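# Descriptive analysis of the structure
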Amino acid sequence: MFEGFIFDVEGTLLDSVAQNQRSLQDALEKCGYRVPIQTLRLYSGLDGDQTLQLAVPDASEAERLAILEDRRAIYERDYLPSVKPLEGAREALRILAERGGRIALATDCKGLSFTRHMLLLDAGDYIAATACGDDLEHGRPDPRLVGIALRKLGLAGAQTVTVGDTPYDAEAGIEAGTKAAGVLTGGFSENVLAEAGCFAVARDLRSLLPNLLSGVGGSEGSQSDLLRSA
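What you see is a predicted model; the values in this text were computed from it and never measured. (Residues numbered from 1 in each chain as written. Predicted model: local features only at pLDDT ≥ 70, side-chain atom pairs only at ≥ 80, totals over all residues. Heavy atoms only, no water.)

## A look at the overall build of the protein
If you tally the helices and strands in the protein, you get 11 helices and 8 strands. Computed over C-alpha atoms, the radius of gyration of the protein comes to 17 Å, within 12% of the 17 Å expected from 2.2 N^0.38 for 230 residues, which places it in the range of a compact globule. Each of the three principal axes of the protein carries a C-alpha extent, and together these read 55 × 35 × 30 Å. Taking the contacts inside the protein whose residues are at least 6 apart along the sequence as the reference set, 63% of them involve residues at least 24 apart. Put simply, the protein shows about 10,200 Å² of open surface, and 48% of that area lies on carbon and sulfur atoms. If you average the places of the 23 positive and of the 34 negative side-chain charges in the protein, the two averages end up 4 Å apart. (Helix = DSSP H or I, 4+ residues; strand = E, 2+ residues; numbered from the N terminus. Rg over C-alpha atoms; globule rule 2.2 N^0.38 Å. Contact = heavy atoms within 4.5 Å. Areas by Shrake-Rupley, 256 points an atom, 1.4 Å probe, with all protein chains shown as cover. Lys, Arg positive; Asp, Glu negative; His and termini not counted. Charge placed at Lys NZ, Arg CZ, Asp CG, Glu CD.)

## Side note on helix H5 (residues 89–98)
Since one α-helical turn is 3.6 residues long, residues separated by three or four positions face the same way. Within H5, the full set of buried residues consists of Ala 89, Ala 92, Leu 93, Arg 94, Ile 95 and Leu 96. Backbone geometry just after H5 places Gly 100 at a positive phi near 100°. (Buried < 20%, exposed > 50% of the residue type's maximum accessible area, 1.4 Å probe, protein only.)

## A few points about the environment of His 138
With respect to the helices and strands, the residue His 138 is situated in the loop between strand S5 (129–131) and helix H7 (144–153). The spatial distance from the C-alpha of His 138 to the C-alpha of Asp 47 is 6.7 Å, given a sequence separation of 91 residues.

## Considerations on the confidence of the model for the protein
Counting all residues, the mean pLDDT for the protein is 92, and 94% of those residues have values of 70 or more. In the model, residues 221–230 has pLDDT below 50 throughout and makes 17 contacts with residues more than four positions away in sequence or in other chains. (pLDDT = per-residue confidence, 0-100.)

## Here we look at the packing of helix H3 (residues 48–55) against helix H4 (residues 61–79)
As a packed pair, H3 and H4 sit with axes 10 Å apart at the nearest point and diverge in direction by 120°. By the angle class used here, H3 and H4 are oblique. Judged by the twist between their axes, the crossing of H3 over H4 is right-handed. Mapping the contact onto sequence places Gly 48, Asp 49, Leu 52 and Gln 53 in H3 and Arg 64, Ile 67 and Leu 68 in H4. Considering only residue class, the contact of H3 with H4 consists of 3 nonpolar, 2 polar and 2 charged. (Axes fitted to C-alpha atoms, helices over the stretch in contact; angles between N-to-C directions. Parallel < 35°, antiparallel > 145°, perpendicular 65-115°, else oblique. Left-handed = near helix turned anticlockwise from the far one by under 90°. Nonpolar A, V, L, I, M, F, W, Y, C, P; charged D, E, K, R; others polar.)

## So, the pairing of strand S7 (residues 179–183)
Along S7, 4 of the 5 residues are buried, which leaves the element largely enclosed by surrounding structure. For strand S6 (residues 160–164) and S7, the ladder comprises 4 bridges, and the chain directions are parallel. Its bridge partner being in S7, Gly 164 is matched across the sheet by Gly 182. In this view, the connection linking S6 to its parallel neighbour S7 by way of helix H8 (residues 167–175) has right-handed handedness. (Pairing = 2+ DSSP bridges. Right-handed = clockwise from strand over helix to strand, strands pointing away.)

## Thoughts on the sheet that holds S7
Here 6 strands make up an open sheet; going across it, the order is S5-S4-S1-S6-S7-S8 and the pairing parallel. Lying at the two open borders of the sheet, with one neighbouring strand each, are S5 and strand S8 (200–202). Between one strand axis and the next, the sheet turns through 20° on average, direction left out of account.

## Regarding the environment of Val 163
One can find Val 163 in strand S6. Every residue in contact with Val 163, bar those within four places of it in the chain, is listed here: Ile 6, Phe 7, Asp 8, Thr 12, Ala 181, Leu 205, Leu 208 and Leu 212.

## Quick look at the packing of aromatic side chains
The tally for this structure, following the rule as stated, stands at 3 aromatic pairs. With a centroid separation of 6.2 Å and 90° between ring planes, the pair formed by Tyr 168 and Phe 188 is classed as edge-to-face. A residue pair is termed long-range when its members are at least 10 positions apart, and Tyr 168 in helix H8 and Phe 188 in the loop between S7 and helix H9 (190–195) qualify at 20 residues. Each member of the pair, Tyr 168 together with Phe 188, is buried. (Phe/Tyr/Trp six-rings, centres within 6.5 Å; stacked < 30°, edge-to-face > 60°.)

## Description of the nonpolar core
Ranked by size, the top nonpolar core spans 57 residues in total, and within it Phe 7, Leu 13, Leu 28, Leu 205, Leu 208 and Leu 212 carry the most contacts. Residue contacts for Leu 13: discarding those within four places in its chain leaves Phe 7, Asp 8, Pro 85, Leu 86, Ala 89, Leu 93, Leu 105, Leu 121 and Leu 205. Grouped together as the second largest cluster of nonpolar side chains are 13 residues, Ile 6, Leu 145, Ala 149 and Leu 153 included. (Core = buried A, V, L, I, M, F, W, Y, C linked by side-chain atoms within 4.5 Å.)

Encoded structure:
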């Protein structure tokens, strides 16, 4: 088993991917840009400014900054109330923590969104450290946010795995020196996550637990014995 586990939050622990995409689409439309949701899905989990550089390449830096500020306000006002924890997410954190794992969260959300997300997870007893957008403005695949979480855990990268739902999570974790594992709850395929470097990919955190506990990749295992013994 790994000693440390660094979890992405949105799409990995919380069911918030659609809400994030819709809030960005709304903010873009407010500024006169019509971008299909299918396009935004390609960049789900990518740093916000990089997403806008790809989705609306003609937008100026000032426009991009304004769109991102609008997106945050729209998300908090219109979409945050509908965000819920993904089934089994808190249970997975509990099992890992009770078996000696040190857990950190790494998310580029900040302010009210971060506070609300932490309350929704209700997993403070299992979380040893957090790194969020209030610590650093750079989102994934930039590895620095994962690096902050790693330093707060006080562990070497080789002892730690970054768990996320996008290829950008995997790329950030690997660049920071950790292993990477993926879940399909963010809408990316198993092939995409594997190609990004995930040693194991499963449909959700409950299904990924055997890989996280053993450190071994491969197909999803049965959860019944694991959960009964936890």
